[in-house]
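The primary structure of each chain is shown beneath.
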Amino acid sequence: LDLTNIRNYRRLHARFGPGCHVVLGKNGQGKTNLLEAIHFLSRARSPRTHDDADLMRVSPKGEGGGSDPDAVAAIGARMACSVERTGVFRHAVRLELRFLPQPNAGPGEKRLKSQCFLDGVPLRNRSQFLGHLPTVAFTLADLELMRGAPAERRRWLDMATLQFHPLHVDAMAECQRLYKHKSKLLRQFGPATNLSANRPVLDVLNAQFAAAAARLLLGRCRYLAALEAYLQSA
C-alpha cells in the first residue's frame, strides 16, 4: 500500500503478508486512515465521507514554504496498492487513484479531480476498481443493519454484491435513474386528471423500472446463493 498526502500521511509504504495483522497506535496516529485507504481502493468510495477533498492531507504550518494550516496540499494526493490474488484465479493487479486539486473551481464545482488506473492503464470511472480487492469492513455504523431501516440492509447487500459481481453497479444506476425520472414526472403531472392523460408515459417507465429492478434482485439473489454454504457451516 502506497499513500501520498492522504489524511495524516505525507508518505506511507506498507507491505502486508499472509495471515492476521494487528495495527497498533495512539489516538490520532492514523490507524483508521490506513483502513479507510484500503476500503477506498476496494470499494471506490470512503466509508467516512462523500467529498474526496476530505481525504487530502492538510499541510502543517511551516511545511512547504510556510503554507496555511487549512490549505490543501497543492501537489495533490495519491493512493495505490498492489494486490496478489491467490486460489484458482491467481494473479496480481495494481490499483491507483490520483487526486488533483482544482484551484479555480467555482461554487458548486468539485474541488478535486480524480484519475483511476488499473495496471497503469487509465480507467473511465471508479466502478472498474470493483472486484479486484475484495474486503469486508465492519464498524459501529454497521449495527444499523440490525436496528436500522430496511434501506440500510439493502444498501449493505448491494455493496457486498458489487464485489462479487461488479456489473451489479449498472442495475443499481439504472434503477436510481428511472426512479428519479418517474418521481419527477409524477410531480409534474399533478392532479389525477393529468395523471390519466399521461398514463402511456408512465406505463413505459414502469416497464423499464420493473426490468431494471429484476436485474437488481437477480444480482442480490446470486450473492446470497454464493453465501449460503458459508452460512450453513457457521
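Report on the accompanying structure. Everything numeric here is computed off the predicted structure, so don't read it as measured data.

A few words now on helix 4 (residues 168–189). The end-to-end C-alpha distance of helix 4, which contains 22 residues, comes to 32 Å, matching closely the 32 Å that a straight helix rising 1.5 Å per residue would cover. Looking only at helix 4, the buried set comprises His168, Ala171, Cys175, Leu178, Leu185 and Phe189. Burial along helix 4 is one-sided: seen end-on, the buried residues are contained in an arc of 125°. Pointing more than 90 degrees away from the buried face of helix 4 are the exposed residues Lys180, Arg187 and Gln188.

Right, let's talk about the pattern of salt bridges for a bit. Scanning the entire structure with this criterion turns up nine salt bridges. Between arginine 126 and aspartate 52 there is a salt bridge, with the nearest N and O atoms lying 2.1 Å from each other. With arginine 126 in the loop between strand 6 (121–122) and helix 2 (144–147) and aspartate 52 in the loop between helix 1 (31–43) and strand 3 (77–85), this residue pair connects regions lying 74 residues apart in the sequence. Overall, the relative accessible area of 17% leaves aspartate 52 in the buried class. Put simply, aspartate 158 and arginine 220 hold a salt bridge, and the shortest N to O gap is 2.9 Å. Of this pair, aspartate 158 sits in helix 3 (residues 150–164) while arginine 220 sits in helix 6 (residues 199–233); the two residues are 62 residues apart in sequence, bridging distant segments of the chain. The buried category is assigned to arginine 220, whose relative accessible area is 12%.

Overall, the coordinates contain two aromatic pairs when judged by the stated rule. Summarising the aromatic geometry, the rings of phenylalanine 40 and phenylalanine 99 are spaced 5.9 Å apart at their centres and angled 85° between planes, so their arrangement reads as edge-to-face. One end of the pair, phenylalanine 40, is in helix 1; the other, phenylalanine 99, is in strand 4 (residues 91–101), with 59 residues separating them in the sequence. In this pair, the class of phenylalanine 40 matches that of phenylalanine 99, namely buried. With centroids separated by 6.0 Å and ring planes inclined at 70°, the aromatic side chains of phenylalanine 164 and tyrosine 223 adopt a geometry described as edge-to-face. Taken together, the residues span a long stretch of sequence, with phenylalanine 164 in helix 3 and tyrosine 223 in helix 6 at a distance of 59 residues. In this structure, arginine 98 packs its charged tip against the face of phenylalanine 117, placed 4.1 Å from the ring centre.

On to helix 1, then. When the terminal C-alpha atoms of helix 1 are compared, their 19 Å separation across 13 residues agrees well with the 18 Å that a helix rising 1.5 Å per residue should span. All of the buried residues in helix 1 are Asn33, Leu34, Glu36, Ala37, His39, Phe40, Leu41, Ser42 and Arg43. Close packing links the buried residues of helix 1 with strand 1 (2–6), strand 2 (9–13), strand 3, strand 4 and helix 3. A positive phi of about 65° marks alanine 44, the residue just after helix 1.

The subject of this paragraph is the environment of alanine 211. Tracing the chain through its elements places alanine 211 in helix 6. Considered as a pair, alanine 211 and alanine 171 are 40 residues apart in the sequence and their alpha carbons are 9.4 Å apart.

Our next topic: the sheet that holds strand 1. Pairing in this open sheet of six strands is antiparallel, and the strands run 2-1-3-4-5-6 from one edge to the other. Across the chains shown, the open sheet's two edge strands, defined by having one partner strand only, are strand 2 and strand 6. Sheet analysis places strand 3 next to strand 4, joined by nine bridges and oriented antiparallel. Among the inter-strand pairings, glutamate 84 is bridged to a residue of strand 4, identified as alanine 92. The sheet contacts of helix 1 involve strand 1, strand 2, strand 3 and strand 4, and relative to strand 3 the element is tilted by about 70°.

Cut-offs applied
Residues numbered from 1 in each chain as written. Predicted model: local features only at pLDDT ≥ 70, side-chain atom pairs only at ≥ 80, totals over all residues. Heavy atoms only, no water. Helix = DSSP H or I, 4+ residues; strand = E, 2+ residues; numbered from the N terminus. Expected span 1.5 Å × (residues − 1). Buried < 20%, exposed > 50% of the residue type's maximum accessible area, 1.4 Å probe, protein only. Arc of directions from axis to C-beta. Salt bridge = Lys/Arg side-chain N within 4 Å of Asp/Glu carboxyl O. Phe/Tyr/Trp six-rings, centres within 6.5 Å; stacked < 30°, edge-to-face > 60°. Lys NZ or Arg CZ within 6 Å of the ring centre and 35° of its normal. Contact = heavy atoms within 4.5 Å. Pairing = 2+ DSSP bridges. Axes fitted to C-alpha atoms, helices over the stretch in contact; angles between N-to-C directions.

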